[in-house]
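Observations on chain architecture
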Amino acid sequence: MEKENENPTVRILCPKLVIIKNEPGLQWLIGSPFFPPLTIVSTFRCIHTLPPPNSSSPDFDKESEDLRTLLLKGFHIIGALIVRNNCDLEHIAREAIEASRRMARFLSGDDDGGKSGNHDLIGAVADSDTGDIHFYISRRENLSSLESVTSFVYEDHPEKYVWERGCLLKCELPIKLPFYFPKNSPSDAEKIYLHAREAVVAKFKDQQVAFMVETLNKTSAEVCCPVVLRGVELDFHADFSNVKLSAEDYQDSDAKFLPCAHFCLKSIPGPPVFSAENADKIQVSVLLNRSEKSPKSAVPVAEYFPALEEARLLVVGFKLEVLCFAAKDLPLTHAVSKLIVPGLVDQLNTMTNKILPNLLTQPPQLHPYHFSPPGVLHPITVIYELSYGETEMKQVEVRRSLHMRLGLPSDRPLLRIANALDLSMTKDSARSNSIRMGSLRLKDVHIGIPGSGVSGGFISLVQGSYEYHHYLQDGFDDSGWGCAYRSLQTIISWFRLQHYTSIDVPSHREIQESLVDIGDKDPSFIGSREWIGAIELSFVLDKLLGVSCKVINMRSGAEFPEKCRELALHFEYQGTPIMIGGGVLAYTLLGVDYNEASGDCAFLILDPHYTGNDELKKIVNGGWCGWKKAVDSKGKNFFLQDKFYNLLLPQRPNMV
């Protein structure tokens, strides 16, 4: 931890501090109480502002509602950054600090004033013209002062910094909330419903509640026995600033003193991978203990409260699923009392507020999901309403606003349900997920292959994963005629694995049926062994996926080098696999290596004509996936000079 009498240093972990350059606006700076002060882990864009003439001021009610859901417990607001082309840096920095101080109060439920936080706050100003960023801090003991910071560090390995120090805690809790209200007075339902919710919140802090803590790393041989913590042992009022972290060499076997590290892996086979997906995960289960021994003997008692008038029973169901971030040396008691329980309370309150408007009609079906989007070092939580399909406009608008807040591209589905983190970590669930995603086939076979031999070239590759489809798979003999079908299957697998679609990769027959359905082929085509080409592939992609394609025609294989720049741009901006058709042959193009100065180039070819077993070494060594030059060192042409070629370039859909 930094000492406050030293020169302060801002440490920046997030890969992109300013989400949208040259666009005025405010961003919330996210830190963690488990990291040194002034450490910026991520940044969220403010997307809710007040109506004119105060349109530059945040709408704190809407912003806090969003951030309370998105931000995992274990992260908090440590400041704000304002992008503006105003030279009065200190004035703007004060505006940023005041906004972050007020947001912190809203998130803590203290929006009327009072305690403004127990940590220093950052006010950052980014010049929208030059891009220069200036940092200021407001010390917690002197809120009116402003201190310029000239020392800042960009962390070289931010993922390692976060996940070497921290772990994830997960708590799932289904709740059925029954309550009665007078049939002739439905207006009382809301008050009774909220009272029932408060009773549930009180149970979370009951002395008789128990929390069972266990590891989620079921695949490891290092499985610790579960630990049970009782409500009477927990302190729900302690502040993180007063929490004493456990020493690494803890010896006390008392559960009250065990750190989260007790359930983290001590050794990992192979090189460590630092990410949310590979983080240490701890499961916390809530149990209500009603079997405590009493010093006095007593018989069971049933109380009867007769209704004074005709009543109606309503049962509201919730499925809470809370994810928290904790330092590995944080004691389990504090992880539960300061992270899990507040997280459950916040999520229950959020869901309650969303259900309230339709309580007596059709309550929404709400479900929390956790995502680890690119560029964000920690997971986020989103509550989706399952009453709407993912392609319905209301759900699309929700995702679009999230993409805007996080600075995610607007043409890629990164926050769909299929993108959600799988935190189950059991062998069975991992296998079922693999089957669901069709990943029993070889994926990404180009990774690790030998170089192209192009000197000084720039490599442009397919973006994302794909499956290798080739002759004779699935016990289906298509040798000699099915190469274009297999290339199409590889392309569709790419769209599937990038979550643009959830349809299964179609069989040869289903591809033929699609072409008959649109009137391109006669019914006799179904079940035949007829070839298809680039045009037919474009028809199928349009019908099954709604994907448009660009087709490039070439009169000779000698024209391939002339198309290298265009193909490189395709991989840079679209990133989809390309189908190459020439006569009766078809290939899948995965990338190009191009030296613009010399004109030297090579093409990364995935060959669907392979007929062997799915053995990666055999495929790579046999040249079924590898770099091909238009003319190799022996003067041999890969692309024939006297053959007409079509290239099918599928376009990435503009969707979220």
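Residues numbered from 1 in each chain as written. Predicted model: local features only at pLDDT ≥ 70, side-chain atom pairs only at ≥ 80, totals over all residues. Heavy atoms only, no water.

What follows covers the state of the cysteines. For the structure shown, the criterion picks out zero disulfides. Summary of cysteine pairing: C260 is not part of a disulfide, and the nearest cysteine sulfur, belonging to C167, is at 4.5 Å. (Disulfide = S-S within 2.5 Å.)

It is worth spelling out the environment of V656 at this point. Considering the arrangement of structural elements, one finds V656 in the segment after β23 (645–650). Distance from V656 to L414, taken between C-alpha atoms, is 6.8 Å for residues 242 residues apart in sequence. The contacts of V656, once residues within four sequence positions are left out, are V396, R399, R400, H403, S410, R412, P413 and R416. (Helix = DSSP H or I, 4+ residues; strand = E, 2+ residues; numbered from the N terminus. Contact = heavy atoms within 4.5 Å.)

Turning to helix α10 (residues 534–545), a few remarks are in order. Over its twelve residues, α10 extends 16 Å from the first C-alpha to the last, a length consistent with the 16 Å expected when each residue adds 1.5 Å. All of the buried residues along α10 are A534, E536, L537, S538, V540, L541 and L545. If you follow the buried residues of α10, they end up packed against α8 (483–497), α9 (508–517), β18 (549–554), β19 (578–582) and β23. Following α10 by one or two positions, G546 has its phi on the positive side, about 70°. (Expected span 1.5 Å × (residues − 1). Buried < 20%, exposed > 50% of the residue type's maximum accessible area, 1.4 Å probe, protein only.)

Time to look at unusual backbone geometry. The omega torsion across P52 and P53 is 10°, close enough to zero to call that bond cis. Mapped onto the secondary structure, P53 falls in the loop between β4 (42–45) and α1 (60–70). At L38, a position not held by glycine, the phi torsion is positive, near 65°. Residue classification places L38 among the buried residues on the basis of a relative accessible area of 6%. Phi at H499 takes a positive value of approximately 65°, unusual for a residue other than glycine. Tracing the chain through its elements places H499 in the loop between α8 and α9.

Pairing is mixed in the open sheet, where five strands are placed in the order β12-β11-β13-β10-β14. Each edge of the open sheet carries a strand with a single partner, namely β12 (227–230) and β14 (311–327). Neighbour to neighbour, the strand axes of the sheet diverge by 25° on average, direction disregarded. Note: strand β11 (residues 209–215) against β12, four bridges, orientation antiparallel. (Pairing = 2+ DSSP bridges. Axes fitted to C-alpha atoms, helices over the stretch in contact; angles between N-to-C directions.)

Next up on the list: the side chain of H508. Within the secondary structure layout, H508 lies in helix α9. Polar contacts involving the side chain of H508 include one to the side chain of D478, which spans 2.8 Å. (Polar contact = N/O pair within 3.5 Å; in protein donor to acceptor, adjacent residues only side chain to side chain.)

Let us now look at the pattern of salt bridges. Under the definition given, this model contains 27 salt bridges. Between R84 and E95 there is a salt bridge, and its shortest N-O distance comes to 3.0 Å. With a gap of eleven residues between them, R84 in strand β5 (residues 76–84) and E95 in helix α2 (residues 89–108) connect regions that are remote in the sequence. Across the pair K550 and E566 runs a salt bridge, and its minimum N-O distance is 2.6 Å. (Salt bridge = Lys/Arg side-chain N within 4 Å of Asp/Glu carboxyl O.)

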